[in-house]
Amino acid sequence: MSSRSSLRLADHFRKGGWLPVSREALNKWLADALKETADKASRGTFALVPVIAEFETFIQENAEMYMGFHQMFEGATSPFPTDYKTLLLLFNKIIQEAPTFGDIGPPIYMVISQAMDTQGGFTTFLSTELNAQFKRMFAHWAAFLDTPSSRYVLNANEGGWFSEPALIAMQEHFDGLTFDETFECQPDEEFKGFGSWDEFFNRTFRPGVRTLEFPERPDIINGACESVLYNIATAVKERDTFWLKGEPYSLMHMLNNDPDYAAQFIGGTVFQGFLEVTGYHRWHSPVTGTIKKIVQIEGTYFVQSPATLGEPSMLDDSESDVPPFLRSLAFITSLTTRALIFIESSNPLIGLMCFMAIGMTEVSTCQVTVQENQSVTRGDQLGMFHFGGSSHVLVFRPETNITFFSEYDTPGQRVKVRAAIAGVA
């Protein structure tokens, strides 16, 4: 990826809520969080919730995990956590709160990013048992975010999601429309009528917003997610060294060695984008056709490419740099939690294609809202992400002669959901 593209992507990552605005802002947030948890722990007023107490027992009683959770903190520097007990105290705090809008990125990714950037962290975070533990922790958090109690951050105060900076970020790319004009809500009601933080996160568009472009053209492929283009690759190999620098896509691993359909995509085309924390989190069908198969894959949450280990982890050198995990988005397509939706297009020039929803850190829940054998029209909803990071991939067969339009063929370009992004011939 060229340096020019990396700079453009860094700007999108930061504006989209993936990166802190500065190292100073991150340091202050970490220091404040550590002080709060330490003060409460010293006063005996900071009991671990059951899922975190279980997490602590899991680390202490599993020799492999106990070793890994020590190795990942060798060389750790303040204000990042420097031991697993401190890390768990921070987890305990975060999963009892609703995310705020502000100067940092996703909070758990922020506290764990330095540990991710070590060999000990890489090896440990691959563990299936550990990822099951993370999933239980995230389920606890997700349950809270789905309650009315989580709405306390839906206000106009500093850090609130209806503060002026937050509204500017969320309505920036909608041609002058306000938040209230863009999204379904009740502007005059408390919390704008949202029943929970999760309902706000998965807000829907008002009628007339992001309508389908060229609905009469069966040769058009439309954007599946409101996102930023990360990469396009062609002639993708059946299996490749996805862990090496350059991040080649490894098709069979991406598609979980699917026995029915994966082989049809060998040599095909991959289009990958990432969603913004401040953006729209529902997925829509890029083609008209039939849902042939849905596959939910359990995977990792906090693994970055081993080719990036030891590189600046979070704005260590330059605020324009993209940290290792966010340069590992192609790598994680083979490992992370994800959902596959195989769609047989009614246009034979497109044929079978696959939509991939990819979790990135935090809750990373991929909720599919369609069923197998269901007919879909371009632009119909396929599913949604719940709080956490997210990426998506469109995979096409080598027989599909696809051309991406100039507005959507360079990393860093903004992709509007339901926009015409490509054509076939």
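Preceding this paragraph is the structure being described.
Student: How should the layout of surface pockets be read in this particular structure?
Tutor: A water-sized probe, rolled over the atoms, reveals where empty space remains. The volume enclosed by the largest pocket comes to roughly 1000 Å³. In this structure, the largest pocket is lined by 43 residues; those nearest its centre are Thr-100, Phe-101, Gly-102, Asp-103 and Ile-104. Those elements giving two or more residues to the lining of the largest pocket turn out to be α1 (3-15), α2 (23-42), α5 (84-94) and α9 (164-171). Looking at the lining of the largest pocket element by element, the count peaks at six residues for α2. Along the lines of polarity and charge, the residues of the lining of the largest pocket split into 20 nonpolar, 10 polar and 13 charged.

Student: Which parts of the structure should I look at to understand the sheet that holds strand β14 (residues 420-424)?
Tutor: The strands making up a sheet associate through backbone hydrogen bonding, with each pair oriented either parallel or antiparallel. Taken in spatial order, the three strands of this open sheet run β1-β14-β12, and their pairing is antiparallel. Both outer strands of the open sheet, β1 (220-222) and β12 (402-404), are each paired with one neighbouring strand and no more. Direction aside, neighbouring strands of the sheet carry axes that sit 30 degrees apart on average. Pairing between β1 and β14: three bridges, direction antiparallel. The residue bridging Asn-222 from the neighbouring strand is Ala-420, located in β14.

Student: Got a minute to help me understand the environment of Thr-86 in this structure?
Tutor: Relative to the helices and strands, Thr-86 resides in helix α5. Residues Thr-86 and Phe-144 lie 58 residues apart in sequence; the distance between their C-alpha atoms is 22 Å. Each residue touching Thr-86, except ones within four places of it in the same chain, is listed here: Leu-34 and Pro-81.

Student: Hey, could you run me through empty space enclosed by the protein in this one?
Tutor: The final tally for this structure, using the stated rule, is two cavities of 30 Å³ or more. Estimated volume of the largest cavity: approximately 120 Å³. Lining the largest cavity are Ala-169, Met-170, His-173, Phe-174, Phe-183, Glu-226, Ser-227, Glu-276, Thr-278, Gly-279, Tyr-280 and Arg-414. Looking at the lining of the largest cavity residue by residue, the class counts come to five nonpolar, four polar and three charged.

Student: Before we go on, may I ask you to explain the environment of Gln-374 in this structure?
Tutor: Topologically, Gln-374 is positioned in the loop between β8 (366-368) and β9 (375-376). Owing to a relative accessible area of 29%, Gln-374 belongs among the partly exposed residues under this scheme. Along the backbone, Gln-374 and Pro-218 are 156 residues apart, and their C-alpha atoms lie at a distance of 19 Å. Discounting residues that sit within four places of it in the chain, Gln-374 has contacts with Gly-289, Thr-290 and Ile-291. One polar contact links the side chain of Gln-374 to the main-chain amide nitrogen of Gln-371, over a distance of 3.0 Å.

Student: Explain α9 here, please?
Tutor: Because each turn of an α-helix spans 3.6 residues, side chains separated by three or four positions end up pointing in the same direction. Every buried residue of α9 is accounted for by Ala-166, Leu-167 and Met-170. Seen from one end, α9 has its buried residues packed into an arc of 95 degrees, which puts them on one side. The inward-facing, buried residues of α9 contact α10 (179-182) and α11 (197-201).

Cut-offs and rules
Residues numbered from 1 in each chain as written. Predicted model: local features only at pLDDT ≥ 70, side-chain atom pairs only at ≥ 80, totals over all residues. Heavy atoms only, no water. 1 Å grid on protein atoms, 1.4 Å probe; cavity = no way out; pocket = protein on both sides within 12 Å on 5 of 7 lines; lining within 4 Å. Points joined across faces, edges and corners; volume = space filled by probe spheres on them. Helix = DSSP H or I, 4+ residues; strand = E, 2+ residues; numbered from the N terminus. Nonpolar A, V, L, I, M, F, W, Y, C, P; charged D, E, K, R; others polar. Pairing = 2+ DSSP bridges. Axes fitted to C-alpha atoms, helices over the stretch in contact; angles between N-to-C directions. Contact = heavy atoms within 4.5 Å. Buried < 20%, exposed > 50% of the residue type's maximum accessible area, 1.4 Å probe, protein only. Polar contact = N/O pair within 3.5 Å; in protein donor to acceptor, adjacent residues only side chain to side chain. Arc of directions from axis to C-beta.

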